[in-house]
Amino acid sequence: FDFDTALARAQDTWEAEMSAIKFSGGSYEQKRVMATALYHALLMPNTFSDADGSYVGYDKQVHKASGFTYYSNFSLWDTYRSLHSLLALIKPEYQRDMVQSLALKARQGGFLPRWDLAIGETNVMIGTPADIVVAETYLKGITDFDVEIAYEAGKKAATEPAPEGSQFALREGIQDYLTFGYLPYDHEVSGTVSRTLEYAIADAALARLAKALGKTEDFQMFAKNSKNYENLWDNATGYFRPRLADGSFAEPFDPLQVELSNGKGYVEGNALQYLWLVPQDPYRLMKLLGGQTVMAERLNAFFEGAVAEREAYMLEKHDPLWYFLNQPQSYWHGNEPDIHAAYLFLQAGRPDLTQKWVRWIMENLYHDTPDGLPGNDDAGTMSAWFIFSAMGFFPVF
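An account of the accompanying structure is given in this report. (Residues numbered from 1 in each chain as written. Predicted model: local features only at pLDDT ≥ 70, side-chain atom pairs only at ≥ 80, totals over all residues. Heavy atoms only, no water.)

## A word on the environment of Thr69
Then, in step 1: Along the chain, Thr69 falls in the loop between strand E3 (62-64) and strand E4 (71-72).
Then, in step 2: Residues Thr69 and Pro282, spaced 213 residues apart in sequence, show a C-alpha to C-alpha distance of 36 Å. (Helix = DSSP H or I, 4+ residues; strand = E, 2+ residues; numbered from the N terminus.)

Below, the structure written as structure tokens:
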């Protein structure tokens, strides 16, 4: 072992990886933030196959990855929103191997993972975000993986409950979702609004993938289900609200309450933040809100609230970690469900406000210091958002 040789090899390897994007301009701090973000974006998921390609699969058996790298540790509820979109763009060979790994997990374990760790599923967070990652990857031209296996696993989770004793939680309350078109607040499953919205996004992804694969009946079914978010829309309050099995809305309702009845309504957020979680159908969301003007006004107020909160809690209390440790009552960049919201001004006819608020987030919530992220980076999700925004665009569905 020669230290200098190993060091040089490591430096050359990372130099090649970091050359995926070349950037110039900006301040020294901005360049450091950008470089750090790119480094973070390339850390997860993790290589799980050994030097000879062998790995332990979801069936607890040893397999061999031939012609690709097998990955594990997918934080999919987080990373479907930005990281995998970025990897498909700047590292398509990595993204291909990652979706092939997801397909093999489905073959060996029966279903696609949500948040896998090593050789098992943790069932952390909600929804079936792997459907979205697989569909986006295929539709963007990365097609040389076992897409049929991945698609059938996604379809099974979207139409059937997980088998008894399965390690996968999958779509909790799927029978209710298919029966009512939403998850009833007075039934067993928690986070009913959040889960319904996430299921609808995954259904939209499966619909588009089904269409690309020539599965017409499946396309029609999933396209219909992707509209289920509308079943929780309350025109009187202008929010997606928890709804009971009899069709009435749960009372009392406070859109600023973090979690209604111990998490029955929302997951890691409130009604303000989940209002914008319809990336698959932003123009319909705009119509529900009352049109372009109303959408732009409500979005702008949403972000202005974030400015006021940041000043009140971070500046007056001199606590830079507040934004990470607490639940904001407006735009919350430190968590995932609303991180695309600034880009919805484009549909609302106000690209100038997208520019304004994206720049505000980049300048105020990212720094080259130990507290330089507005929350957990969530396996590269926050960093991928910064990279896209520095390049001037973002992958809203």
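So that's the structure; there's more coming.
## Observations concerning the pattern of salt bridges
Then, in step 1: Overall, the coordinates contain 20 salt bridges when judged by the stated rule.
Then, in step 2: A salt bridge links Asp116 to Lys105; the nearest nitrogen and oxygen atoms lie 2.8 Å apart. A residue pair is termed long-range when its members are at least 10 positions apart, and Asp116 in strand E5 (residues 116-117) and Lys105 in helix H5 (residues 92-109) qualify at 11 residues.
Then, in step 3: The exposure class assigned to Asp116 is buried, which follows from its relative accessible area of 0%. (Salt bridge = Lys/Arg side-chain N within 4 Å of Asp/Glu carboxyl O. Buried < 20%, exposed > 50% of the residue type's maximum accessible area, 1.4 Å probe, protein only.)

## Notes on the packing of H5 against helix H7 (residues 147-159)
Between two packed helices, what matters for the description is the angle formed by their axes and the separation of those axes.
Then, in step 1: Where H5 meets H7, the axes come as close as 8 Å, and the angle between the chain directions of the two elements is 60 degrees. The orientation of H5 with respect to H7, classified from their angle, is oblique. With respect to the hand of their crossing, H5 and H7 are arranged in left-handed fashion. Note on element contacts: H7 touches H5 through Ile149, Ala150 and Ala153, opposite Ala103, Ala106 and Arg107.
Then, in step 2: Along the lines of polarity and charge, the residues of the contact of H5 with H7 split into 5 nonpolar, no polar and 1 charged. (Axes fitted to C-alpha atoms, helices over the stretch in contact; angles between N-to-C directions. Parallel < 35°, antiparallel > 145°, perpendicular 65-115°, else oblique. Left-handed = near helix turned anticlockwise from the far one by under 90°. Contact = heavy atoms within 4.5 Å. Nonpolar A, V, L, I, M, F, W, Y, C, P; charged D, E, K, R; others polar.)

## Topic: the packing of aromatic side chains
Then, in step 1: In this structure the tally under the stated criterion is 24 aromatic pairs.
Then, in step 2: Taking the centre distance of 3.7 Å and the plane angle of 10 degrees together, the rings of Tyr55 and Tyr70 count as stacked. You can see Tyr55 sitting in strand E2 (residues 54-56) and its partner Tyr70 sitting in the loop between E3 and E4, a full 15 residues away along the chain. Considered together, Tyr55 and Tyr70 belong to a single accessibility category, that of buried residues.
Then, in step 3: Between the aromatic rings of Phe388 and Phe393, the centroid separation amounts to 5.5 Å while the plane-to-plane angle is 70 degrees, which identifies the pairing as edge-to-face.
Then, in step 4: Assessed through its relative accessible area of 37%, Phe393 is described here as partly exposed.
Then, in step 5: One aromatic cluster in this structure is built from Trp276, Phe302, Phe303, Tyr331, Phe345, Trp357 and Trp360.
Then, in step 6: Taking NZ or CZ as reference, Arg81 lies 4.5 Å from the ring centre of Trp77, over its face.
Then, in step 7: When the ring centre of Phe249 is taken as reference, the NZ or CZ atom of Arg243 above it lies at 4.9 Å. (Phe/Tyr/Trp six-rings, centres within 6.5 Å; stacked < 30°, edge-to-face > 60°. Lys NZ or Arg CZ within 6 Å of the ring centre and 35° of its normal.)

## Some details on the packing of helix H4 (residues 83-90) against H5
Then, in step 1: Contact geometry of H4 with H5 gives a least axis separation of 5 Å together with a crossing angle of 125 degrees. For the element pair H4 / H5, the angle class is oblique. Along its contact with H4, which presents His84, Leu87, Ala88, Leu89 and Ile90, the element H5 presents Pro92, Gln95 and Met98.
Then, in step 2: Broken down by class, the residue content of the contact of H4 with H5 amounts to 6 nonpolar, 2 polar and no charged.

## Digging into the nonpolar core
Then, in step 1: With 103 residues, the main nonpolar core has Phe240, Trp276, Phe303 and Trp385 as its most contacted residues.
Then, in step 2: Broken down by element, the residue count for this core peaks at 11 residues, all from helix H9 (residues 192-212).
Then, in step 3: When sequence neighbours within four positions are dropped, the list of residues in contact with Trp276 reads Leu285, Leu289, Met295, Arg298, Leu299, Phe302, His340, Ala341 and Leu344. (Core = buried A, V, L, I, M, F, W, Y, C linked by side-chain atoms within 4.5 Å.)

## Re helix H12 (residues 282-289)
Then, in step 1: Every buried residue of H12 is listed here: Pro282, Leu285, Met286, Leu288 and Leu289. For H12, the angular spread of buried residues about the axis comes to 160 degrees, placing them on one side. Exposed residues on H12 whose side chains face more than 90 degrees from its buried face are Tyr283 and Lys287.
Then, in step 2: Once H12 finishes, Gly290 follows within two positions and takes phi at roughly 120 degrees, a positive value. (Arc of directions from axis to C-beta.)

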